[in-house]
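Next come the chains, spelled out residue by residue.
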Amino acid sequence: MDALPLVLALTLAAVHLLAGRVRSLAVVPRNRWLSMAGGASVAYVFVHLLPEVQQASETVDARGVFPAMLDTHVYLLSLLGFATFYGLEQFVRGSRSGGERWAGRLDWLTEADADLGVFWVHCGSFAVYNTLIGYLLVHGEATGLASLLTYAVAMGLHFLVNDVGLREHHGDAYHRRGRWLLAGAIVAGCGLGYAVAVDELLVAVLVAFLAGGIILNVIKEELPADRESRFWAFAAGAAGYTLVLLAV
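Just so it is clear, the model here is predicted, and its values are computed rather than measured.

1. Remarks on the environment of Cys123
Structurally, the position occupied by Cys123 is in helix α4 (residues 111-139). Sequence separation between Cys123 and Tyr174 is 51 residues, and the spatial gap between their C-alpha atoms is 8.2 Å. Contacts of Cys123, omitting those with residues within four sequence positions, involve His170, Tyr174, Gly178, Leu181 and Leu182.

Okay, structure coming up:
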């Protein structure tokens, strides 16, 4: 079992490296399998991860870290994760028109330089996110073969959804650099998990933050009208994976 997190981390890394070969994913209307993947990811959050957030809340309560009046403090961390990735998405979308404006104001800054800066901020943030997911393969609440596999499958489907969005934002730059950065971050996070065991309080905080980030990253890919997402496929993915989670 000790080697299983590393095997799963390498498998998740392969999702980023190979997803671009599936050309049918980046189409409009949205590929039904991609909508199903998004539904399954959200199901994992609501059926499995949020109950872990509740357990995390109990861990934090026992430590007395937050004032007693903040009885929803761990859920506030989930909100922080949601808001952080929402702000990141707005920054990236705004930069599409902003790069030319900044290049016009600063003689030394070209539009290509501005776009490259946005690329590194965006992909760097997702690298931290992936590192966290890789770390939780080793030290998360998911223990045992079934729990680890359901976590890994949900994150693999989630990475598939993220990959399509990042590829749309950054094109060739993501294919040449970004996917390797994100794939490496997963394995690095897993390796960090083997090397360092942090306090369960910090794990509780990380799980809560991750839950909010996953919800936002799936929703932002499914809701925009120009995606022409497939509701019934999304619902089928959510319902199907919920049944799997309840069965294990």
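Moving on, there is more to tell.
2. Looking at the packing of helix α1 (residues 4-18) against helix α6 (residues 172-195)
Remark: α1 packs on α6, axes separated minimally by 9 Å, with the N-to-C direction vectors making an angle of 170°. Classified by the interaxial angle, the pair formed by α1 and α6 is roughly antiparallel. From α1, Leu4, Pro5, Leu6, Ala9, Leu10, Leu12, Ala13, His16 and Leu17 reach across to α6, where they touch Tyr174, Arg179, Trp180, Leu182, Ala183, Ile186, Val187, Cys190 and Tyr194. Of the residues assigned to the contact of α1 with α6, the class counts are 16 nonpolar, one polar and one charged.

3. Brief notes about a nonpolar patch on the surface
Together, Leu6, Leu10 and Tyr194 make up an exposed nonpolar region whose accessible area comes to about 270 Å². Position of Tyr194 among the secondary structure elements: in helix α6. Its relative accessible area of 40% is what places Tyr194 among the partly exposed residues.

4. Description of α6
The end-to-end C-alpha separation of α6 is 34 Å, in line with the 34 Å expected for 24 residues at 1.5 Å each. The largest bend along α6 reaches roughly 45° and is located at Gly178. Buried residues of α6: Ala173, Tyr174, Gly178, Arg179, Leu182, Ala183, Ala185, Ile186, Gly189, Cys190 and Gly193, and no others.

5. Looking at the packing of aromatic side chains
How two aromatic rings sit relative to each other is set out by the distance from centre to centre and by the angle between their planes. On inspection of all chains with the given rule, the structure shows seven aromatic pairs. The interplanar angle of 55° and the centroid separation of 6.4 Å between the aromatic rings of Phe85 and Phe209 together place this pair among those described as tilted. One end of the pair, Phe85, is in helix α3 (residues 73-105); the other, Phe209, is in helix α7 (residues 200-222), with 124 residues separating them in the sequence. Here Phe85 falls in the buried class, since its relative accessible area comes to 5%. An angle of 80° between the planes, with centres 5.7 Å apart, marks the rings of Phe126 and Tyr129 as edge-to-face. Of this pair, Phe126 and Tyr129 both sit in helix α4, separated by three residues, roughly a single helical turn.

6. Regarding the confidence of the model for the protein chain
Regions with low pLDDT carry predicted coordinates that are not meant to be interpreted in detail. The predicted model of the protein chain has a mean per-residue pLDDT of 80, with 77% of residues at 70 or higher. Across residues 98-109 the pLDDT falls below 50, and counting only partners more than four positions away or on other chains, this stretch makes nine contacts in the model.

7. Section: the pattern of salt bridges
Tallying each qualifying case throughout the model produces two salt bridges. Across the salt bridge formed by Arg167 and Asp163, the nearest N and O atoms sit 3.1 Å from each other. A residue pair is termed a helical-turn pair when its members lie 3 or 4 positions apart in one helix, as Arg167 and Asp163 do in helix α5 (residues 145-170) at four residues. Classification of Asp163 by relative accessible area gives buried; the value is 1%. For Asp172, the salt bridge identified is with Arg176, shortest N-O distance 2.5 Å. Linking Asp172 with Arg176, this pair stays in helix α6, spanning four residues, or about one helical turn.

8. Things to note about the side chain of Arg167
Accessibility expressed as a relative area gives 17% for Arg167, which makes it buried. With residues up to four places along the chain from it excluded, the contact list for Arg167 reads His16, Gly20, Tyr174, His175 and Arg179.

9. As for the packing of α1 against α5
Running from N to C, α1 and α5 cross one another at 20°; their axes reach a closest spacing of 8 Å. When the axes of α1 and α5 are compared, the pair comes out roughly parallel. By crossing handedness, the relation of α1 to α5 is classed as right-handed. Across the interface between the two elements, Leu4, Leu8, Leu12, Val15 and His16 from α1 touch Leu145, Leu148, Leu149, Ala152, Met155, Gly156, Phe159, Leu160, Asp163 and Arg167 from α5.

Reading guide: rules and limits
- Residues numbered from 1 in each chain as written.
- Predicted model: local features only at pLDDT ≥ 70, side-chain atom pairs only at ≥ 80, totals over all residues.
- Heavy atoms only, no water.
- Helix = DSSP H or I, 4+ residues; strand = E, 2+ residues; numbered from the N terminus.
- Contact = heavy atoms within 4.5 Å.
- Axes fitted to C-alpha atoms, helices over the stretch in contact; angles between N-to-C directions.
- Parallel < 35°, antiparallel > 145°, perpendicular 65-115°, else oblique.
- Nonpolar A, V, L, I, M, F, W, Y, C, P; charged D, E, K, R; others polar.
- Patch = residues over 30% accessible without salt bridge, like charges linked within 9 Å, V, L, I, M, F, W, Y side chains within 5 Å.
- Areas by Shrake-Rupley, 256 points an atom, 1.4 Å probe, with all protein chains shown as cover.
- Salt bridge = Lys/Arg side-chain N within 4 Å of Asp/Glu carboxyl O.
- Buried < 20%, exposed > 50% of the residue type's maximum accessible area, 1.4 Å probe, protein only.
- Expected span 1.5 Å × (residues − 1).
- Bend = angle between axes of the 7 residues up to and from the residue.
- Phe/Tyr/Trp six-rings, centres within 6.5 Å; stacked < 30°, edge-to-face > 60°.
- pLDDT = per-residue confidence, 0-100.
- Left-handed = near helix turned anticlockwise from the far one by under 90°.

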